[in-house]
Amino acid sequence: MKHCIMFTLISVALAAASASAFAQSDTTPDTQTKPKELGAVEVTGSAIPRTSKETPSPVIVINALQIKRSGLTTVADVVRSVSADNSGTIPNAFTAGFAAGSSGVALRGLTVNSTLVLVDGRRLASYALADDGQRSFVDLNTIPLDAVDRIEVLKDGASSLYGADAIAGVVNVILKHDFKGADVTAEIGTSQHGGGLEKRATGSWGKGDLESDHWNGYAAFEYEGDARITTPSRGFPFNTGDLSSIGGPNGIGGQPLNNSGSIYGSVSPGTLGTPGDLTTGNFISLNPIFQPLRPCGPGSTPINDPNNDLGAGAGSYCTQNFADFGDDQAAQERIGLYGRFTFKFGDYGEAYLNASYYQNKVVVDGGPPQIQTGTPNNTNAIALPVFLSNGSLNPNNPFAAQGQVALINYAFGDIPGASEEFNHVYRFVAGVKGSLGEWNYDSALVVNHTALDSTLLGFINFNQLISDLKDGSYNFIDPSQNSAAVRAALAPALRKTSTSDMDSIDFRVNRPLFKLRGGDLGLALGAEERHEAQNDPDLNPNLAAQGLGIAHTVGSRNIGAVYAEIDAPITKSFEVDGSARYDHYSDFGGAFDPKIGFKWKPIDQLAFRGTYSRGFRAPAFAENGSSAAEGFTTFQITNVPFLVAHGGDPITGSNADAYAANQYALAQSTVANPNIQPERSKSFTFGMIVQPSPWLDASLDYYWIKKTGVIVQSDPNVALSNYFAGSALPAGYTIIADTPDPQFPNALPRPIVVKAPFINANSLVTNGMDLDLRAKFKPSDSTQWISDLTITGIFKWTMNFPDGSIQDYVGTQGPYILSSGAGTPRYRANWANTLIWGRLETTATVYYTSGIFMSVPDITNDHSCFSTGPSGANFPANCRVPSFTDVDLTAIYHLNDHIDINGAVENVFDRKPPFDPIDYAALNYNPTYAQSGIVGRFFKLGVHVKF
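Fair warning: this is a prediction, and the values are worked out from it, not measured in the lab.

### Quick look at the overall build of the chain
Alright, step 1. A tally of helices and strands in the chain yields eleven helices and 42 strands.
Alright, step 2. In terms of its C-alpha atoms, the chain occupies a principal-axis envelope of roughly 95 × 60 × 55 Å.
Alright, step 3. Residues counted as buried form 54% of the 947 residues belonging to the chain.
Alright, step 4. For the chain, the accessible surface area stands at approximately 38000 Å², while carbon and sulfur atoms represent 59% of it.
Alright, step 5. With 65 positive and 90 negative side-chain charges, the chain shows a separation of 7 Å between the mean positions of the two kinds.

Here's what the structure looks like:
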């Protein structure tokens, strides 16, 4: 990759040099070579208006025209295409995550809770579901793209101005200040390989001139609907869990020894370990013989393996590819409304109101639920009884006449699995801004509320399942006989509404104080009062539903803050900027964060810049509110000497072996810790800006970030070790024990729940470099070429633990849990080239993500290959996920001053996603960085009309 970067830079430099002889300025406002100085403006990362676009901090600006040329149609897609977005970013395609239905940005790979997202410089309410039940973030899907003027991305710490969460950077979406006239767009697109039909329409209408009428009002509307892409519509290996043909594991469904059944079921004769308990089935022999519960039918493959040569069970059964029920792209529908009214008073004052409503609906299709699950009730050994509760032989049990229970594997084919996330976001802003004497002022009231309606289908109710098994209410032999009432009782729809709120009022002022050699000494002051709240109830409060844990978050707090900034242009070539902010939170106390930066421009063509800052991330309500998240893991007691209660008799011999070998579901409950403290950060940047000619700008910036007090879940193994040793549990831990085992009455009861709080434990360090380059050439009055290149390289991303151990994640699939298995690619880049030729504009954009080694240091604590085949060998042999390069091509043709025709071919070369069998967010590929590969070549056609 180093050679690739070097080649890219040399190529651009040579192209720039060859064009220098005919480079000229462009007079059109959208494409001018050198921006016209229109007076001081505020840039993200500084509260003081300035005329220079370069600040001590690195900032990139993506304007509406660039977005239009890219062909991207959502704020989420635009922001997540930034090369600095990395590990922990949330794609729409990850529909099985805690925060399903959302999209979030993670600058510097520090996950979504360390990047602050603003609209017009002010905060938004967080998504009502926390990522992994812990991390709060803003859902990018609910920001209206049609009203966007530009998006500014500050790639630097900024808590000294913006407060919490601005550790890795800030994304500031700037909406249009005013609009006159009307325009509408309509667009349709589809994939060459089927599915994913996209329909999009937008409209804007505005009236009033601020200068002559002293008012302006406009409204914007947008709609986008994206149809699902089914998993079976894509080719091998992205449509199946059976990778045996290429040396991998066979994860196909319906294999009885894998605790998986088809919709036709499989059964084997057995007995009950505990009479009357249908979850304690035992096979009659060590090599159980299976048979189909009913004949194999459509969608299944009959297997006849009397000797268990395949390792999936002896006898016969039906296998089934449950990927046939899944989605590679969920159906999604976004509808947004935005309106703004501005009134100008005097020469410099403005009062404005804006309001928006945005809804985002995501529907995910899934496979049928299994009768066998490990959590929260272990039904892996479930059996059909011999007799029903009315005393008759069980017609569902083919071994009932022999007095044997039937251990069953079964998928409920008449109960479809699905989920729906329907997010509603309301935002209202009222503000006033202007000038009074030497002072500029800006104040606004923001009210932001979200309501997320969640529905889950296809989760089996455990108590109803046991009841149906006992009285025969559910017909396993002929599921078509089951009534809607029976199915609804067995798998009731799970519903909840989660909310979040962010209300704030602020007041900001700035003014020049006095002249320095380089210009005015600028001062900015600000104050803010904010209220935040979240209420996310449980979907499964009583652990009634199988395969689903507990997760709820409730919290609220008030925040007050003051801040100041001074910008000192000491000389015309040297500028120093300093800022500091103090925040007080009602739940944990105060945080003070300073920042200082400089910019030195020894010659017009060269400038150096750098910053040092401190920052913090406020604990999320999931971490310090009235919150808990409970998941389950398969647990096995292996340390038999610790199983005996004090004074009891030791368990020895075969009894001990049986006790130790008994796997069960252990609940791990992570609870909020009211004493948790914020994560703290220190960071610095150093870079250079090169402008050798009016047509070429380049910047190269190094960054370094250290975060301490990283909030993590407590290790449950600490408490378990003490429990089995008979020692006191560490502070904050609780263990709930099972009732004593009647076979071993003197044994220490097995633990069934381990409760542990969030704690401030770890630290992390990351560093790397950004390259941003823009070149503009105009060989003739009707021809122009614009080239934009951004590359981000991560040199280091390490998690440091209290015991001194270190895990390095760069170039691996770690942190596995925090990144949904997507990992931390070392390089990300994009390169957009626009050619303007008369009325035609064409843009080719190249997106690149480097390959990664398939190790997961946070799971294995080393860099061994995490992906292996049945023989234990690396799978694939080189244990690498290849790099992914995607090229999009767009074209805009201006028929006249009012009508544009636009088209696009995304993934021009129809590149397939790199094979990745251990990414758990999708089937054998990485949707975080290679979703366009599974979509395939995609065609779009649209029209834009201006009135």
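### Here's the deal with the pattern of salt bridges
Alright, step 1. According to the stated counting rule, one finds 41 salt bridges in the structure shown.
Alright, step 2. Residue Lys-496 is joined to Asp-536 by a salt bridge in which the shortest nitrogen-to-oxygen separation is 2.6 Å. You can see Lys-496 sitting in strand β22 (residues 494–516) and its partner Asp-536 sitting in strand β23 (residues 519–536), a full 40 residues away along the chain. Of the two residues, Lys-496 and Asp-536, neither departs from the other in class, the shared state being buried.
Alright, step 3. The network of salt bridges with shared partners includes Glu-528, Arg-530, Glu-532, Arg-557, Arg-581, Asp-583 and Asp-587.

### Considering unusual backbone geometry
Alright, step 1. Of the consecutive residues Phe-236 and Pro-237, the connecting peptide bond is found in the cis state with omega at 5°.
Alright, step 2. Along the chain, Pro-237 turns up in the loop between β9 (229–230) and β10 (266–272).
Alright, step 3. Omega for the peptide link from Thr-375 to Pro-376 comes to -15°, which places this bond in the cis form.
Alright, step 4. Positionally, Pro-376 belongs in the loop between β17 (349–366) and β18 (383–384).
Alright, step 5. Phi at Asn-861 takes a positive value of approximately 60°, unusual for a residue other than glycine.
Alright, step 6. Residue position: Asn-861 is located in the loop between α10 (857–860) and β39 (880–881).
Alright, step 7. The backbone of Cys-879 shows a phi angle near 55°, a positive value even though the residue is not glycine.
Alright, step 8. One can find Cys-879 in the loop between α10 and β39.

### Considerations on the state of the cysteines
What is meant by a disulfide is a covalent connection between two cysteines, made through their sulfur atoms.
Alright, step 1. Applying the stated criterion across every chain, the model contains two disulfides.
Alright, step 2. Here Cys-865 pairs with Cys-879 through a disulfide, and the sulfurs are 1.9 Å apart. Of note, the bridge from Cys-865 to Cys-879 carries an S-S torsion of about 95° and is right-handed in sense. With Cys-865 in the loop between α10 and β39 and Cys-879 in the loop between α10 and β39, this residue pair connects regions lying 14 residues apart in the sequence.
Alright, step 3. We classify Cys-879 as buried; its relative accessible area is 1%.
Alright, step 4. For the chain, the disulfide bridges join cysteines in the arrangement 1-2, 3-4, where the cysteines are counted in sequence order.

### Topic: the nonpolar core
Alright, step 1. The biggest cluster of nonpolar side chains holds 44 residues, and the ones touching the most others in it are Ile-151, Val-171 and Val-173.
Alright, step 2. Elements supplying a minimum of two residues to this core: β1 (59–63), α3 (75–80), β2 (115–119), β4 (148–154), β5 (169–175), β8 (215–226), β31 (696–713) and β34 (783–800).
Alright, step 3. Those residues within four positions of Val-173 in sequence are excluded, and the remaining contacts are Val-75, Leu-118, Val-119, Asp-120, Ile-143, Val-148, Arg-150 and Ile-151.

### Comments concerning the packing of aromatic side chains
Alright, step 1. A complete count under the given rule lists 30 aromatic pairs for this structure.
Alright, step 2. When the ring of Tyr-474 is compared with that of Phe-476, the centres are 4.8 Å apart and the planes differ by 70°; the resulting orientation is edge-to-face. Of the two residues, Tyr-474 and Phe-476, both sit in the buried class.
Alright, step 3. Here the aromatic rings of Tyr-723 and Phe-724 are separated by 5.5 Å at their centres, their planes lie at 65°, and the arrangement is edge-to-face.
Alright, step 4. Grouped by ring-pair contacts, the aromatic residues Phe-574, Phe-598, Trp-600, Phe-608 and Phe-686 constitute a single cluster.
Alright, step 5. Cation over ring: Arg-108 sits above Tyr-703, and NZ or CZ is 3.8 Å from the ring centre.
Alright, step 6. Across the ring face of Phe-621, the terminal group of Arg-557 is positioned such that the distance to the ring centre comes to 4.6 Å.

### A few points about the sheet that holds strand β3 (residues 122–123)
Alright, step 1. Pairing is mixed across the open sheet formed by five strands, whose spatial order is β1-β4-β5-β2-β3. Pairing within the sheet leaves two strands with one partner each, and these edge strands are β1 and β3.
Alright, step 2. In this structure, β2 lies alongside β5, joined through five bridges in parallel fashion. The partner of Val-117 across the bridge, within β5, is Val-171.

### Digging into helix α9 (residues 716–725)
Alright, step 1. Pro-716, Ala-719, Leu-720, Tyr-723 and Phe-724 are the residues of α9 that are buried. Burial along α9 is one-sided: seen end-on, the buried residues are contained in an arc of 130°.
Alright, step 2. N-cap assignment for α9: the residue whose side-chain oxygen lies 3.0 Å from the backbone N of Asn-717 is Asp-715.
Alright, step 3. Of the residues trailing α9, Gly-726 is marked for its positive phi of about 75°.

### Considering the pairing of strand β6 (residues 181–191)
Alright, step 1. Sheet analysis places β6 next to strand β7 (residues 198–207), joined by nine bridges and oriented antiparallel. Each bridged residue has a counterpart across the sheet, and for Ala-182 the counterpart in β7 is Trp-205.
Alright, step 2. Hairpin geometry of β6 and β7 is characterised by an intervening segment of six residues between the two adjacent antiparallel strands and by a positive phi of about 95° at Gly-194.
Alright, step 3. The pairing of β6 with strand β42 (residues 938–946) spans nine bridges and is antiparallel.

### Notes on empty space enclosed by the protein
Alright, step 1. Scanning the entire structure with this criterion turns up eleven cavities of 30 Å³ or more.
Alright, step 2. The calculated volume of the largest cavity comes to roughly 980 Å³.
Alright, step 3. In terms of lining residues, the largest cavity is bounded by 44 residues, among which Leu-72, Asp-77, Arg-80, Gln-931 and Ser-932 are the most central.
Alright, step 4. Elements with a contribution of two residues or more to the lining of the largest cavity: α3, β8, β16 (331–345), β36 (827–837), β37 (840–849), β40 (884–894), α11 (927–935) and β42.

### Describing the side chain of Thr-111
Alright, step 1. Along the chain, Thr-111 turns up in the loop between α3 and β2.
Alright, step 2. Side chain to side chain, Thr-111 and Asn-113 meet in a polar contact 2.7 Å long.
Alright, step 3. If we skip the residues at most four places from it in the chain, Thr-111 touches Ser-87, Gly-88, Val-105, Ala-106, Arg-135 and Leu-818.

### What to know about a nonpolar patch on the surface
Alright, step 1. Taken together, the side chains of Ile-188, Leu-197, Tyr-893, Leu-895, Ile-901 and Leu-941 make up a nonpolar region of the molecular surface, amounting to roughly 520 Å² of accessible area.
Alright, step 2. Its place among the elements puts Tyr-893 in strand β40.

### Observations concerning the environment of Ser-103
Alright, step 1. Within the fold, Ser-103 resides in the loop between α3 and β2.
Alright, step 2. Judged by relative accessible area, which is 2%, Ser-103 ranks as buried.
Alright, step 3. Linking Ser-103 and Val-432, residues 329 residues apart in sequence, is a C-alpha distance of 32 Å.
Alright, step 4. Residues within four places of Ser-103 in sequence aside, it is in contact with Ala-76, Arg-80, Ile-90, Asn-92, Phe-137, Val-138, Asp-139, Leu-140 and Asn-141.
Alright, step 5. Engagement of the side chain of Ser-103 in a polar contact is seen with the backbone oxygen of Ile-90, the distance being 3.2 Å.

### Focus on the pairing of β7
Alright, step 1. Pairing of β7 with β8, which is carried by ten bridges, proceeds in the antiparallel orientation. By the bridge assignment for β8, Ala-201 is matched with Tyr-223.

### What about the environment of Ala-158?
Alright, step 1. Summarising the element assignment, Ala-158 is placed in the loop between β4 and α4 (159–162).
Alright, step 2. Note: C-alpha distance between Ala-158 and Lys-595 (437 residues apart in sequence) is 7.8 Å.

### Here we look at the side chain of Ser-300
Alright, step 1. Mapping Ser-300 onto the fold places it in strand β13 (residues 300–305).
Alright, step 2. In this structure the side chain of Ser-300 is engaged in a polar contact, spanning 2.7 Å, whose partner is the backbone oxygen of Gly-297.
Alright, step 3. For Ser-300, the residues in contact, after removing those within four places along its chain, are Tyr-264, Cys-318 and Thr-319.

### Structural notes on the confidence of the model for the chain
Alright, step 1. Looking at the chain, the pLDDT average stands at 90 and 91% of residues meet or exceed 70.
Alright, step 2. Here residues 1–39 scores under 50 on pLDDT; set against residues more than four positions off or in separate chains, the count is 50 contacts.
Alright, step 3. pLDDT under 50 marks residues 639–661. Its contacts with residues more than four places away, or in other chains, come to 38 contacts.

### As for α11
Alright, step 1. In terms of burial, α11 is largely enclosed, as eight of its nine residues are buried.
Alright, step 2. Taken together, the buried positions of α11 are occupied by Pro-927, Thr-928, Tyr-929, Ala-930, Gln-931, Gly-933, Ile-934 and Val-935.
Alright, step 3. Two or three places before Thr-928, at the start of α11, stands the capping residue Asn-926, its side-chain oxygen 2.9 Å from that residue's backbone nitrogen.

Thresholds applied
- Residues numbered from 1 in each chain as written.
- Predicted model: local features only at pLDDT ≥ 70, side-chain atom pairs only at ≥ 80, totals over all residues.
- Heavy atoms only, no water.
- Helix = DSSP H or I, 4+ residues; strand = E, 2+ residues; numbered from the N terminus.
- Buried < 20%, exposed > 50% of the residue type's maximum accessible area, 1.4 Å probe, protein only.
- Areas by Shrake-Rupley, 256 points an atom, 1.4 Å probe, with all protein chains shown as cover.
- Lys, Arg positive; Asp, Glu negative; His and termini not counted.
- Charge placed at Lys NZ, Arg CZ, Asp CG, Glu CD.
- Salt bridge = Lys/Arg side-chain N within 4 Å of Asp/Glu carboxyl O.
- Disulfide = S-S within 2.5 Å.
- Core = buried A, V, L, I, M, F, W, Y, C linked by side-chain atoms within 4.5 Å.
- Contact = heavy atoms within 4.5 Å.
- Phe/Tyr/Trp six-rings, centres within 6.5 Å; stacked < 30°, edge-to-face > 60°.
- Lys NZ or Arg CZ within 6 Å of the ring centre and 35° of its normal.
- Pairing = 2+ DSSP bridges.
- Arc of directions from axis to C-beta.
- Polar contact = N/O pair within 3.5 Å; in protein donor to acceptor, adjacent residues only side chain to side chain.
- 1 Å grid on protein atoms, 1.4 Å probe; cavity = no way out; pocket = protein on both sides within 12 Å on 5 of 7 lines; lining within 4 Å.
- Points joined across faces, edges and corners; volume = space filled by probe spheres on them.
- Patch = residues over 30% accessible without salt bridge, like charges linked within 9 Å, V, L, I, M, F, W, Y side chains within 5 Å.
- pLDDT = per-residue confidence, 0-100.

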